[in-house]
Amino acid sequence: TAASEAALKRAEELYLARGRVEGVASVSLERGVMLDRADRSDEAVVALQRALQLATSVDSNYLRAAVLFKLSSVAAYKGRNDDAEKYASDGLRLSEEFEGLNAFGRVDFGNVFVYRRQPRTAEQHFRQAVDASVRAGASRAEARARLALGTLLMRVGSVTDALAQAKAAFDYYDQTG
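Residues numbered from 1 in each chain as written. Predicted model: local features only at pLDDT ≥ 70, side-chain atom pairs only at ≥ 80, totals over all residues. Heavy atoms only, no water.

A. The arrangement of the nonpolar core in detail. L29, L48, L63, V67, L71, V107 and F126 are the most contacted members of the largest nonpolar core, which has 40 residues in total. Within the residue set of this core, elements represented by two or more residues are helix 2 (21-37), helix 3 (41-57), helix 4 (61-77), helix 5 (81-94), helix 6 (99-115), helix 7 (119-136) and helix 8 (139-156). If we skip the residues at most four places from it in the chain, L71 touches V45, L48, Q49, L52 and Y87. (Core = buried A, V, L, I, M, F, W, Y, C linked by side-chain atoms within 4.5 Å. Buried < 20%, exposed > 50% of the residue type's maximum accessible area, 1.4 Å probe, protein only. Helix = DSSP H or I, 4+ residues; strand = E, 2+ residues; numbered from the N terminus. Contact = heavy atoms within 4.5 Å.)

B. View of unusual backbone geometry. Positive phi, close to 55 degrees, is recorded for D59, a residue that is not glycine. Residue position: D59 is located in the loop between helix 3 and helix 4. Backbone geometry places R117, a non-glycine residue, at a positive phi of 60 degrees. Secondary-structure assignment places R117 in the loop between helix 6 and helix 7. Overall, R117 belongs to the exposed group, its relative accessible area being 75%.

C. Just helix 6, in detail. With 17 residues, helix 6 should cover 24 Å at 1.5 Å per step; its first-to-last C-alpha distance of 24 Å lies within 8% of that length. Every buried residue belonging to helix 6 is among L101, N102, A103, G105, R106, V107, D108, F109, G110, V112 and F113, and all of these are buried. Phi turns positive, to about 60 degrees, at R117, one or two residues after helix 6. (Expected span 1.5 Å × (residues − 1).)

D. View of a nonpolar patch on the surface. A contiguous nonpolar surface patch, about 250 Å² in accessible area, is contributed by M154, V159 and L163. By secondary structure assignment, the location of V159 is in helix 9 (residues 159-176). (Patch = residues over 30% accessible without salt bridge, like charges linked within 9 Å, V, L, I, M, F, W, Y side chains within 5 Å. Areas by Shrake-Rupley, 256 points an atom, 1.4 Å probe, with all protein chains shown as cover. Salt bridge = Lys/Arg side-chain N within 4 Å of Asp/Glu carboxyl O.)

E. Representation of the layout of surface pockets. Looking at the largest pocket, its volume works out to about 790 Å³. Taken together, 22 residues form the lining of the largest pocket, with K70, S73, F104, D108 and R144 sitting closest to its centre. Of the residues forming the lining of the largest pocket, the biggest block, eight residues, is contributed by helix 4. The class makeup of the residues in the lining of the largest pocket is 11 nonpolar, three polar and eight charged. Space inside the second largest pocket adds up to approximately 180 Å³. (1 Å grid on protein atoms, 1.4 Å probe; cavity = no way out; pocket = protein on both sides within 12 Å on 5 of 7 lines; lining within 4 Å. Points joined across faces, edges and corners; volume = space filled by probe spheres on them. Nonpolar A, V, L, I, M, F, W, Y, C, P; charged D, E, K, R; others polar.)

Okay, structure coming up:
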């Protein structure tokens, strides 16, 4: 929306005025997310590439990984699976020390294999995401991973396990709204 873009523009101006490059990178990431949600993926990629360049310039592995995971999602949605896999793989490497973020990235990586119609590989990544999020105590990441895993398991006919995963995700979302 215009109001969202105005708020992002203002935040970017404030960060620029204070010389906070990491803040500008974060704003570019949020802009990319917003544009992607508005089905403006080409513009989203431009914003995300800018965010990646800025995050790299300040050596923020966390922010670089977050941007790479979003770039992976956009690429996978557009059918650019090789790019999606590379972005997610690079993001996973950078996020090893941030288990919650790493769990989110593993879901994105798993989704690449869903798009490639490789359910066994996708399942492995979704299960790794569940394990990583549990270790990190990252409930939101765990719910996202369990929902992705449950959806995949339903598609391949593992109904009982799928329902258990979906129920665990539902319990989280039911508690948090």
